[in-house]
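Letter by letter, the chains look like this.
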Amino acid sequence: MSDEIKPDALLDKIDYKTPTTDWMSTSSVQIRPGMYCYSANPKSLDTLDMPYSRKWNPLEEDWKLPENWQEIIHEGLKTRLERFRTFRVFMDICVRCGACADKCHFFLGTGDPKNMPVLRAELLRSVYRNDFSTAAKILNKFPGGKSFSGSRSMTLDVLKEWWYYFFQCTECRRCSVFCPYGIDTAEITIMGRELLNLLGLNIDWIATPVSNCFQTGNHLGIQPHAFKDMIDFFTEDIEEITGVDVDPQINKKGADILFITPSGDVFADPGTYTCQGYMILFKYLKDKYDLNVTWSTYASEGGNFGFFTSHETMKRLNAKMYAEAKRLGVKWILGGECGHMWRVINQYMDTMNGPADFLEEPVNPITGTKFENAKSTKMVHICEFTADLIKHDKLEMDISRNDNLVLTYHDSCNPARGMGLLDEPRYIINKTCKEFYEMPENTIREKTFCCGSGAGLNAGENIELRMAGGLPRANAVKYVHEKFGVNSLCCICAIDRAAFPALMEYWVPEVDVIGIHELVGNALILEGEHKRETDLRMEPLPGVEQTKEEDDE
């Protein structure tokens, strides 16, 4: 898309004017390339035992729906209203105050009013009022009553509108921070997607990763031998850089800790450098403190795309991590830099698969710190773990190796808003580099803007949507780049690390993307290492390139 729509042209397309049509009208919905992902592969839906798998095209008139599709939606909505108390509350308590309207990155990036969280929720709420609200049913009997009650019948055009806009939401929950009633619009999006799934209306960038994860243990469909091959490949690179064989442990029974990270860290740059940072850290801890950390080729995925599909699918994928921890006989689980992995663990794990009573309450064996927040889940975020090690002076580092980096930090949505992980990443950054600058206050911490590509939207065919949705975050990065010379955007989410390179190239091309533990891996001093001349990207360390030029002269 960057060759077709330049940034200025995309900005010119944003129009915040009040539309001429009523919000309940579906005539303004135009499903077009660049703004949607392809429909799910039927084979992926079959693997997951999801209903009505078939080939269909969102651009075609006929979506090949079952004859009784309206009845299916009605019963599905009724079931979820009875099962999830929060869902029913969220359907009833919104007063349409609009406090959330300008907080959504997709509304800010597109100007489409149906991307306002309040209005996106109304798309579903209107059908709820029509079918389940007694007051609305009474009002609907009078002329103009439907418009007054804000209710709509479930028509084919409404269904298509649901599909279009519920897959233009990354479930980032920024809107919920500003809602005076605490309505979690992401939960409404989840319910909307669950209802669409009842008709086989999923997108392929969600359904296929979920299918892969269900079959092979990770979203990318990596087989066990291929996963090990990549770890071995990183081992060789690290040895070339440091002179040390980090000797990672894989599927080791009786290890102290099971480490699980997103598969994107193993197979996609720049996450691969973050993965190498993990490996260097674990080698350091093994040599100095005899701490045994094992990887798994079965639980080879921390992320949970089931979260974007249904509660049941989320539960199935979450269970594998705990099954592997039990099989290997570890004490507790350490989780890598991931986004939705951590919202699932912190907000759903206990009621889905937990509590994990067969594991120990996590205690750092090196510092003695008890991770109270992980008492039930038995799973600790690696930033908590590493920050604790640094605070207790357990890591020897040379932070001058990161002197070429001028950093800012992106609070990844789910660890920040869903887990409250705000200070530990910043602590690590400040202890591993010398120049760090915050983006504007209203764009960070709990108020952080989304990358624009989460919740399964990180696919190439919807690139215009992603660039528009990522505009608010890119704008904040551009601000610190121009004011402070920031050249690197740090984050702790695999989706962010996959999405931000394209976003930065489009909006702020002078800024690279980096993970927290890439900084740690660069700075750590391994026992027996030779003098390092390059960082983990095999680029010259600060000062090394100049020294070589002087020697050549």
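Reference entry: report on the structure contained in this document. On a predicted model such as this, the values are computed, not experimentally measured, just so you know. (Residues numbered from 1 in each chain as written. Predicted model: local features only at pLDDT ≥ 70, side-chain atom pairs only at ≥ 80, totals over all residues. Heavy atoms only, no water.)

Concerning the pairing of strand 4 (residues 332–335)
Okay, so step 1: Here strand 4 shows a buried face lined by Trp-332 and Leu-334 and a second buried face lined by Ile-333 and Gly-335.
Okay, so step 2: Pairing between strand 2 (residues 257–260) and strand 4: four bridges, direction parallel. Bridge assignment links Ile-260 to a residue of strand 4, and that residue is Gly-335. (Buried < 20%, exposed > 50% of the residue type's maximum accessible area, 1.4 Å probe, protein only. Helix = DSSP H or I, 4+ residues; strand = E, 2+ residues; numbered from the N terminus. Pairing = 2+ DSSP bridges.)

Re the nonpolar core
Okay, so step 1: Judged by nonpolar contacts, the single largest core of 100 residues is most densely connected at Leu-124, Trp-162, Trp-163, Met-504 and Trp-507.
Okay, so step 2: Here this core spans two domains, since at least three of its residues come from each of domain 1 (2–30 + 51–201) and domain 2 (209–523).
Okay, so step 3: One finds Cys-275, Trp-332, Leu-334 and Ile-516 within the second-largest nonpolar core, a separate group that totals 72 residues. (Core = buried A, V, L, I, M, F, W, Y, C linked by side-chain atoms within 4.5 Å. Domains from an automatic or database assignment.)

Section: the sheet that holds strand 7 (residues 488–491)
Okay, so step 1: The parallel open sheet is built from three strands, whose spatial order is 6-7-8. Since the sheet does not close on itself, it has two edges, and those belong to strand 6 (407–409) and strand 8 (512–515), each with one partner. The sheet shows a mean angle of 35° between the axes of neighbouring strands, direction not considered.
Okay, so step 2: Two strands pair when backbone bridges link them, and strand 7 and strand 8 are joined in this way by four bridges, in the parallel orientation. (Axes fitted to C-alpha atoms, helices over the stretch in contact; angles between N-to-C directions.)

Quick look at the environment of Leu-489
Okay, so step 1: With respect to the helices, strands and loops of the structure, Leu-489 is situated in strand 7.
Okay, so step 2: For Leu-489, a relative accessible area of 0% corresponds to the buried category.
Okay, so step 3: It is 9.6 Å that separates the C-alpha atoms of Leu-489 and Pro-501, two residues lying twelve residues apart in sequence.

Things to note about the pairing of strand 2
Okay, so step 1: Side-chain alternation along strand 2 places Ile-257 and Phe-259 on one buried face and Leu-258 and Ile-260 on a second face that is also buried.
Okay, so step 2: In this sheet, strand 3 (residues 293–295) lies alongside strand 2 in parallel orientation, the contact comprising two bridges. Residue pairing in the sheet places Ile-257 in a bridge with Val-293 of strand 3.

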